[in-house]
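Below, each chain spelled out in residue letters.
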Amino acid sequence: MRLRDFIIRRILLAIPVVFGVLTITWFLSHMVGDPVVMYINTNTPASAIPGIIRSHGLDQPPHIQYFIYLNNLFHGDWGESTSMSFRPVTEVIAQRFPATIELALVAMVFAVLLGIPLGIISATRKDQMIDHFTRIFSLAGVSMPIFWFAIMLKYVLYYQLAIMGLPHLPGGYRYDSNRFYWFQYTTGFILIDSLVYAHSIPLFVDALTHLVMPGFCLGYLTMAIITRMMRSSMLEVLREDYITLARAKGLSEKVVIYRHALRNALIPTVTVIGLAFGGLMTGAVLTETIFQWHGLGQWAVSAILSADLAAINGFTLLVALIFVTANLIVDLVYGTLDPRIRFG
Amino acid sequence: MTEEYHLRSDEIPIDPSTVGQFRVLWFLELVVSIMLTILGGILFVGDVTYSIIERLGYPVVPPDWIIGKFAIGFAIAVLGLIAVRIAAALENYEMWTFSALLYVNLISAGSLILTELSTGLYAAVFVLVPVVLLFLPGVKSYWWETFVEDMVPRLREFRYSMHLVRKSPLVVVGIVIIVAFVILALLAPWVAPYGPEERIWADTNLPPGSPSNVPGNPVHYWGTDNSGGDVFSRILYGAQVDLRVAITVVIVAIVIGTFLGAVSGYYGGKLDELLMRVTDVFFAFPGLILAMAIVMALGSRSLENISVALMVTWWPTYARLVRGQVLLEREKLYVEAARSVGASDARILIYHIIPNTIQPIIVQATMDTGAVLLVAAGLSFIGFGPPAGIAEWGLMIAKGQEYFSISPWAVFFPGFAILLVSLALNLVGDGIRDILDPKLRRR
Amino acid sequence: MSDDELVLKVEDLVTNFYTYEGVVKALDGVNLFLRKGDTMGLVGETGCGKSVTARSILRLVEPPGRIEGGRILLYVPNEESGNVEEVDLLKLSEEDMLHVRGRLVSIVFQDPATFPNPVFTIGDQIAEVVMLHQDLRKEALEIRIEELRNALDKLEGKGGLVSSTRREKIRERLAHYESQLDDPPEPDPKYKKKAALKIAEDMLRLVKMPAPDKVMMQYPHELSGGMRQRALIAMALACNPLILICDEATTALDVTVQAQVLNLLNELKKEVGTSIIIITHDMGVVAETCSWVTVMYAGTTVESCATEELFYNPRHPYTAGLLTAVPKLHENRERLPQIRGSVPNLITPPPGCRFHPRCDYATGICETEKPHLKEISPGHWVACHHPLPDKGGKR
Ligand SMILES: Nc1ncnc2c1ncn2[C@@H]1O[C@H](COP(=O)(O)OP(=O)(O)OP(=O)(O)O)[C@@H](O)[C@H]1O
Ligand SMILES: [Mg+2]
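Residues numbered from 1 in each chain as written. Chains lettered and ligands numbered in written order. Predicted model: local features only at pLDDT ≥ 70, side-chain atom pairs only at ≥ 80, totals over all residues. Heavy atoms only, no water.

### What about the overall build of chain C?
Within chain C one finds 13 helices and twelve strands. Each principal axis of the C-alpha atoms in chain C carries an extent, and together these give about 95 × 50 × 45 Å. Across the 395 residues that make up chain C, the buried fraction comes to 50%. On chain C, roughly 18,900 Å² of surface is accessible, and the fraction owed to carbon and sulfur atoms is 52%. Distance from the positive charge centre (47 side chains) to the negative charge centre (57 side chains) of chain C: 3 Å. (Helix = DSSP H or I, 4+ residues; strand = E, 2+ residues; numbered from the N terminus. Buried < 20%, exposed > 50% of the residue type's maximum accessible area, 1.4 Å probe, protein only. Areas by Shrake-Rupley, 256 points an atom, 1.4 Å probe, with all protein chains shown as cover. Lys, Arg positive; Asp, Glu negative; His and termini not counted. Charge placed at Lys NZ, Arg CZ, Asp CG, Glu CD.)

As structure tokens, this is what we get:
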């Protein structure tokens, strides 16, 4: 009924945004930059270039080029990644997508599980020692250059421990390929593949230990954002009249906070979780290289270093689409959490 | 501010002897406003034209004083236009014009000095003359009383804010760190023992606190990197580079965003709808990723291109913020509109909208400076930065990372500097947001 | 008045707010007494501390506020012995206080728009307080029995082997539950909730909510102001409290709804046996609904007596001024008379009697000595060094 209308309206609103995103990537690749770069590399003979220009419609007027671009995108032709020996961008994405999403989801789970309780504690003990500590901890997360954090973590938890001969966390890659040389990806999500297809608990455990450091690193920023939002919305909610009413009913402080305040304070926090997904994608670009994590972020960085325009274009587009989708999902969750929106 | 009202010239109890002084003020303000508009226009239009011509591939030699004056020229032109409105309203003795003139001329003088033109200084002095004239006894009697009446509660609020700032230790800590870093960055040539790109090949990978292998050279407080660069000195010079990038990006984003946001919120309609859809699209990209795509499209890799990309990425935040505030204020003005007749656009903008948007902008800008610092360092870390050798924090980490098992300090200190500055900015932004938030501002 | 008819007695209550500008001495010696089954009006200018008094009684004053002195005595009938026990709320532990709030003392706040929790249905919110304070063992069991009976009735029509064995089983369980009726066991949460919801719906019916079954499932934003106010009253009355405090419960409503709600309160009082404190600015409301009135001024009680007595024979100069400021229908004055001067700043209140700077009868003693609330004639308490003369029985 009205919830359905809300969903439909929200999806319709996302369509122009998606078109805007396509337009911007087109503008950047075709108007600001030189699109020919997408189809050549240093070995391409100069004589071949006019042919390439013609065959990709780059000599057409801009609006025609725009339609060619859209048409190609919709038909799955996102160009070729020169840095990946000219494999189609869509293929590279399909291959690397699971690695990044798996990492991002682990980071997200970690961030939510830690961020929400911390935010609540900080808000309910406002201006006490633990609140100051939590605030600095979460502000540090927002201010942390994540690539530096990753390097430092790796230095201490992997390198130093290994030198001292202590048990240490793995310093990179998704699993130990010497030990599990026989392993082949099926879905690309190693936590699923190890259990469902390879039936190997040791592999699963190994994959988990490989996820700990990059997951924590990536999740810290998100956790910090969630903690901050949770704290401030909790503080706001605790000042609301209905909290006074809940207390006047004789409810204990615990019930007041976890039943009456939490539900209301979660509403704005959920929105932030959607936005934090953008942070995770950004973080993936900065951390995956450091942990040799063969995901989209690592691909993007190597593409940057070898001036692989098609890859960057495809990556940007993909991230924007993921971001828009994540926010859409969050909005829908929002609708079910807040009855005022659902029926509004 | 309900006590604002217009007086028709025949209503105002003018002492005939002061009319002369008033006329001088009015005439001068008119001249100043036209001058500002023209100068700003020349800077803005000139800069834009030259860069377009350059892009088209024609070799041009623009006069030095125009290059890179894009944003400030634009700001001066807008200020000039506002001043024209003020001068026009001044003729009718509208009460608001006097204090508006005070603010606008002060800001204009500041902007003129920022242009770093040699003539800018003379122009600034000239712009300040009407401000001096405002305080002539004859002119002062028109406006001073209402002005004071208006300022006293603001001053009290301000003093209360300062009290709250002093009471929140985290804000104080943040301010101290920021001030310390800015001072160190400015004093780098005198404080830093080595130059930003100086390499002592005898001193590679020395741990913190080691003396130099070259006799007579100062100690390397924070060690050296793989190519013999002194980490401490490079961080100090890097502070100049990184802080400058972060601050210019935020300022330009504020100027563009404020202008577009204010116009769109104020006039509404189709324009507003369009601008909001455009910002929606910009918000669909995570900041670093859009900036990455832009630098990639721009071709060459440099701090300048990083700055441009970040400006393009960041303005929508401010457009949204300002638009929201403008809508809020406009809403309130509808109520007041019944009482005050014929309020001009400039008056509304200056009297109601600017004062009420400044606070949220300051908060946002403080936090954004930290965020921009992080993203800029991130961009230069992944390879968009300046050529190797330049002292820049992100690049130092990227280079140091290759040898981080040998000289971890070359990674640790630059990253820690980023963390510290960014943390300080966030502490201050977070703190003053709480302090200025009317809902939290309990007495 | 002997103490055993009282349900609430507040003595010399002091509440301060510690703010940036100084200590706001919001309450400085408030005295109240409420008799069983009475409706008391608490009146005074805005900012005189009526809401703070109400919150202090429930110990719901939030920081920077603190209750700093006095006694709040509640007279609770002990169900077993039939005696009345005197409890000082300020001495109770925070945990014991939870049993007082909502069960013994309930409050209805001023603004129905902001007080219900927006994310829970009305039914849930009323049921919550019922589940918290009431022993629902019997009700839950009855609901269970009724459900089984209904299931049995449904099966009656059908034949077949399956349904006959099921019928047998249900009968067995029914008999088992019915045997427990005298001493019901702790119910499981599902049935407890059902019982609470049933009581909640009854409460909505009691407060004359239109379509109570539908409202149970609705969220606060779907109701009108008047309906929300009724829901809040239902919530407050759900556990038959000893005392109901209505803090300007009707101010936000329009006049016709206001009258309805007030009549409702008086009816409910008879039905439920609750004593009521009505906090209001409106002398008309007081005249219509209250049998007793307490007048407050700048954080102190200045006068307390029966409503008629107050209207015809005010003894405190402030009350007298307040009453002349009330417009009367038969009078046609250009301008309402006002009490001269203005409400004092509570950070630096005047010494002695807080009203003395505005009082026409003030003398030296008023500036130095704080007057105490005294019974100057039977049933008439005044805190004044120079009370106005008794006008006698002139009604
Ligand atoms: N949180 C607070 N901080 C500081 N002072 C407060 C606070 N709450 C109340 N006060 C002070 O306590 C005094 C009494 O306030 P209260 O709300 O009880 O007035 P009231 O009689 O209910 O007025 P109204 O009729 O307007 O509801 C006021 O002077 C107010 O300034
Ligand atoms: Mg009140």
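### Thoughts on the domain arrangement of chain C
Taken domain by domain, chain C holds domain 1 (3-119 + 225-292) and domain 2 (137-186). On a C-alpha basis, the centroid separation for the pair domain 1 of chain C and domain 2 of chain C is 44 Å. (Domains from an automatic or database assignment.)

### So, the site of ligand 1
Residue and element names in this part refer to chain C. Around ligand 1, the structure places 14 residues, and the nearest of them are Thr 46, Gly 47, Lys 50, Ser 51 and His 281. At 2.9 Å, a backbone N or O of Gly 47 approaches an oxygen atom of ligand 1. Between ligand 1 and Lys 50 there is a distance of 2.9 Å, counted from an oxygen atom to a side-chain nitrogen or oxygen. Coverage of ligand 1 by the protein amounts to 69% of the 630 Å² it exposes when considered alone. No other element matches helix α1 (residues 50-57), which puts three residues into the shell around ligand 1. Here the shell around ligand 1 is built from residues that sort into five nonpolar, six polar and three charged. (Near = heavy atom within 4 Å. Polar contact = N/O pair within 3.5 Å; in protein donor to acceptor, adjacent residues only side chain to side chain. Nonpolar A, V, L, I, M, F, W, Y, C, P; charged D, E, K, R; others polar.)

### Points about the packing of helix α2 (residues 70-90) of chain B against helix α3 (residues 96-114) of chain B
All names here are of chain B. Interaxial distance between α2 and α3 falls to 10 Å at its minimum, and their mutual angle equals 155 degrees. When the axes of α2 and α3 are compared, the pair comes out roughly antiparallel. Where α2 crosses over α3, the two elements pack in a sense that is left-handed. Listed contacts from α3 to Ile 72, Ile 76, Leu 79, Ile 82, Ala 83, Ile 86, Ala 89 and Leu 90 of α2 are Trp 96, Thr 97, Phe 98, Ala 100, Leu 101, Val 104, Ile 107, Ser 108, Ser 111, Leu 112 and Leu 114. (Axes fitted to C-alpha atoms, helices over the stretch in contact; angles between N-to-C directions. Parallel < 35°, antiparallel > 145°, perpendicular 65-115°, else oblique. Left-handed = near helix turned anticlockwise from the far one by under 90°. Contact = heavy atoms within 4.5 Å.)

### Remarks on the nonpolar core
With 175 residues, the main nonpolar core has Met292(B), Leu310(B), Leu379(B), Ile382(B) and Trp393(B) as its most contacted residues. Leu379(B) has contacts with Leu288(B), Ala291(B), Met292(B), Ile306(B), Leu310(B), Phe384(B) and Gly385(B), leaving out every residue within four places of it along the chain. Counting residues in hydrophobic clusters, the runner-up holds 107 residues, among them Leu42(C), Val100(C), Tyr297(C) and Leu323(C). (Core = buried A, V, L, I, M, F, W, Y, C linked by side-chain atoms within 4.5 Å.)

### Overview of the sheet that holds strand β1 (residues 6-19) of chain C
All names here are of chain C. With respect to topology, four strands assemble into an open sheet ordered β2-β1-β4-β5, the strand pairing being antiparallel. In the strand order of this sheet, the two ends are held by β2 (22-35) and β5 (84-88), each with one partner. Put simply, the sheet's adjacent strands are angled 10 degrees from each other on average, direction ignored. Looking at chain direction, β1 and β2 are connected through ten bridges and run antiparallel. Counterpart to Phe 17 in the pairing with β2 is Val 24. α1 contacts β1, β2 and β4 (65-77) of the sheet and is inclined by roughly 70 degrees relative to β2. (Pairing = 2+ DSSP bridges.)

### Some points on the packing of aromatic side chains
Summed over all chains, the structure comprises 34 aromatic pairs over all chains. An angle of 80 degrees between the planes, with centres 5.1 Å apart, marks the rings of Tyr175(A) and Phe183(A) as edge-to-face. Assigned by exposure class, Tyr175(A) and Phe183(A) land together as buried. Each ring, one from Trp222(B) and one from Phe413(B), has its centre 4.5 Å from the other, and the planes form 10 degrees; the classification is stacked. Here Phe413(B) lies in helix α14 (residues 409-436) and Trp222(B) lies in the loop between α7 (188-191) and α8 (231-267), a separation of 191 residues in the sequence. Given the relative accessible area of 29%, Trp222(B) is considered partly exposed. A connected cluster of aromatic rings, assembled from ring pairs, spans Trp148(A), Tyr221(B), Trp222(B), Phe232(B), Phe412(B), Phe413(B) and Phe416(B). Above the face of the Phe120(C) ring, Arg259(A) is positioned so that its terminal group lies 4.8 Å from the ring centre. Taking NZ or CZ as reference, Arg35(C) lies 4.5 Å from the ring centre of Trp292(C), over its face. (Phe/Tyr/Trp six-rings, centres within 6.5 Å; stacked < 30°, edge-to-face > 60°. Lys NZ or Arg CZ within 6 Å of the ring centre and 35° of its normal.)

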